[in-house]
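# Structural characterization, general
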Amino acid sequence: MFCVSASLLVSVIDSVSYLIIIVLYFNCLMFCDNLMLVFPWFLDPPKNVSVSISPSGEIVEGSSVTLTCSSDGNPPVQKYTWFKKVYKDVQQKWTGQIYSITNIRSADSGEYQCMATNTQGSRYSEYKSLTVLHPPKSVSVSISPSGEIVEGSSVTLTCSSDGNPPVEYTWYKGSSSVATGKTFTLNKISSVNSGEYKCRSSNKHGEKYSDTVTLNVLYPPKSVSVSISPSGKIVEGSSVTLTCSSDGNPPVEYTWYKGSSSVATGKTFTINKISSVNSGEYKCRSSNKHGEKYSDTVTLNVLYPSKSVSVSISPSGEIVEGSSVTLTCSSDGNPPVQKYTWFKDGGSSPVGSGHSYSFTLDSESSGQYYCEVQDEHGSKISEAVLLSFKGNPSFTLYMIVGVVIGCVGLILVLVILFIW
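Numbers given for residues are sequential positions, taken from 1 along each chain in its written order. A pLDDT threshold of at least 70 governs which residues receive local features in this predicted model, and a stricter bar of 80 or more applies before side-chain atom pairs are shown or counted, although totals over entire chains, interfaces and linings include all residues. Side-chain measures here rest on the full set of heavy atoms in the structure, leaving out hydrogens and waters.

Going by the annotation in an unreviewed UniProt entry, the name recorded for the protein chain is Ig-like domain-containing protein, with Astyanax mexicanus given as the source organism.

Spelled out as structure tokens, the structure:
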């Protein structure tokens, strides 16, 4: 008799069982229409579901990309469904094992997932990220704070752009580069910062400029000046225009002053047929809602010929023969009279010169005197004045005393003769 152990018996039974299964399997391959109906324990839902992207590496806008879903399910996967995550929402996009995107755009960027399905169930892949690289498309500039910008405040310009990979920013004032970075801050802004600004957004795939924005800095008048036209000498009867210039923002208003009195408003002040009464000091005031400033004074010196020429006598009143007399000629011309000439009794030969003419009055020097003034505009003659004198009072007294004594002496002689 042979003694067989229990373990050996189990091993033999297992080997025979596997052998029978193998024989049935190959036999069914030849004669069975559905192997799974005979061996249902071989069926599985999809496993190892994954997404691959071709080409690998960087994906640039405008190129073509293929997404492929792979799975090893048994029976074979019958349906593939694709999903794209848009923010937090998942949207079904299409079906098929392969999804091709031609002329890919930045809007196609996102996370993709596929679901593989067979008769035994479904399984999802992990999300696969698709990043589309593209140059900047939309570039804009915002200003903070909005509204009026007053000199001395702080202003920040911010550039926004959607390029991928992340963009670099460059700021321009006009055509000159002034800063880099997403924001550009001007502290204590001044009038020199007024102008047009724009930003350039760029990455290795291209660049784009924003539209220009204008910084209009408001400030009070700073530089106020007055110009005179025509320049040079101002002659009576001509027209003169004073013009005030100022750089305030918003536009300024102008007020004109002669001395301390307001005489006109407006950027220009015109005096037609100017006269001597218009001579004086003028200035303008430039003002807006942020402040005011005065210009320096300018002087209008109106030139005109002598108008009123007169002669005065000193001393005034009765003049005694032998006294000293001074004649003074006065005139109001501008510029001042250059030459004074004295004439007597309408004679053509001058008897003296100078602003004043002094002499001793006697019978020969008495008569009518006048002066002639000359300036760059011409000459003018004064009215004549008469110089006369009274006799010497001492001589007259002597004459009276002599006559009285003579008369008294004659009377005495006659009386003596009469008595004798």
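That was the structure; now back to the text.
## Regarding the pattern of salt bridges
Where we set the bar: Whenever a carboxyl oxygen of Asp or Glu lies within 4 Å of a side-chain nitrogen of Lys or Arg, that contact is scored as a salt bridge. Throughout this description, buried means an accessible area under 20% of the type-specific maximum (1.4 Å probe, protein chains only), exposed means over 50%, and partly exposed covers the range between. The helix count covers DSSP runs of H or I at least four residues long, the strand count covers runs of E at least two residues long, and both are numbered beginning at the N terminus.
Going through the model one piece at a time under the given rule, you end up with 11 salt bridges. Between Lys47 and Asp44 there is a salt bridge, with the nearest N and O atoms lying 3.8 Å from each other. The partly exposed category is assigned to Lys47, whose relative accessible area is 37%. On the basis of relative accessibility, which here comes to 28%, the residue Asp44 falls in the partly exposed class. Residue Glu151 pairs with Lys222 through a salt bridge whose shortest N-O separation is 2.5 Å. Of the two residues, Glu151 sits in the loop between strand E12 (149-150) and strand E13 (155-161) while Lys222 sits in the loop between strand E20 (217-218) and strand E21 (224-229), which places them 71 residues apart along the sequence. Among the charged side chains, a network of salt bridges with common partners joins Glu61, Arg105 and Lys137.

## Focus: the side chain of Ser295
Note the threshold: Residues count as neighbours in contact if any of their non-hydrogen atoms are within 4.5 Å of one another.
Inspection of the secondary structure puts Ser295 in the loop between strand E28 (291-294) and strand E29 (298-300). Once residues lying within four places of it in the same chain are set aside, the contact partners of Ser295 are Val224, Ser225, Val226, Lys283 and Cys284.

## Quick look at the sheet that holds strand E31 (residues 310-314)
Inclusion rule: For two strands to count as paired, DSSP must find a minimum of two bridges between them. Note on geometry: axes are lines fitted to C-alpha atoms, helical ones only across the stretch in contact, with angles between N-to-C directions running from 0 to 180 degrees.
Pairing in this open sheet of three strands is antiparallel, and the strands run E31-E32-E35 from one edge to the other. For this open sheet the edge positions go to E31 and strand E35 (356-360), each flanked by a neighbour on one side alone. Ignoring strand direction, the axes of neighbouring strands in this sheet form an average angle of 20°. With five bridges connecting them, E31 and strand E32 (residues 324-330) associate as antiparallel partners. What sits directly across from Ser312, in E32, is Thr328.

## Let's talk about the sheet that holds strand E1 (residues 50-54)
If you trace the three strands from one edge of the open sheet to the other, you get E1-E3-E6, paired in antiparallel fashion. The sheet is open, and its two borders are formed by E1 and strand E6 (98-101), each paired with just one other strand. Between one strand and the next, the sheet's axes are offset by a mean angle of 15°, whatever the strand orientation. Relative to E6, strand E3 (residues 65-70) runs antiparallel, the two sharing four bridges. Bridging from a neighbouring strand, Thr68 pairs with Ile98 of E6.

## Quick notes on the state of the cysteines
Disulfides are covalent bonds that connect the sulfur atoms of two cysteines. Our working rule: Put simply, a disulfide is two cysteine sulfurs that come within 2.5 Å.
Following the criterion strictly, the structure yields four disulfides and no others. Sulfur-sulfur distance for the disulfide between Cys244 and Cys284 comes to 1.8 Å. Of the two residues, Cys244 is situated in strand E23 (residues 240-246) and Cys284 in strand E27 (residues 280-288); the sequence distance between them amounts to 40 residues. Cys284 carries the same exposure label as Cys244, and that label is buried.

## Description of the packing of aromatic side chains
To be explicit about the condition: Note on ring pairs: Phe, Tyr and Trp rings are taken, using the six-membered ring of Trp, and paired if centres are within 6.5 Å. Classes follow the plane angle, with under 30 degrees stacked, over 60 edge-to-face and the rest tilted. Each ring is checked for a lysine NZ or an arginine CZ that lies within 6 Å of its centre and within 35 degrees of its normal; such an atom marks a charge sitting over the ring.
With the rule as written, the count across this model stands at 15 aromatic pairs. Ring centres of Trp82 and Trp94 lie 6.1 Å apart, and the angle between their planes is 25°; on these two criteria the pair is classed as stacked. Residue Trp82 is located in strand E4 (residues 79-86), and its partner Trp94 is located in strand E5 (residues 89-95); the two are separated by 12 residues in the primary sequence. Here the aromatic rings of Phe184 and Tyr197 are separated by 6.2 Å at their centres, their planes lie at 45°, and the arrangement is tilted. Of this pair, Phe184 sits in strand E16 (residues 183-186) while Tyr197 sits in strand E17 (residues 195-203), and the two are 13 residues apart along the sequence. No difference in accessibility class separates Phe184 from Tyr197, as the two residues are buried. Taken together, the ring pairs in this structure connect Trp82, Trp94, Tyr99 and Tyr112 into an aromatic cluster. Its end group placed over the ring of Tyr219, Lys222 keeps NZ or CZ at 5.0 Å from the ring centre. Here the basic side chain of Lys283 rests over the ring of Tyr294, its NZ or CZ set 5.1 Å away from the ring centre.

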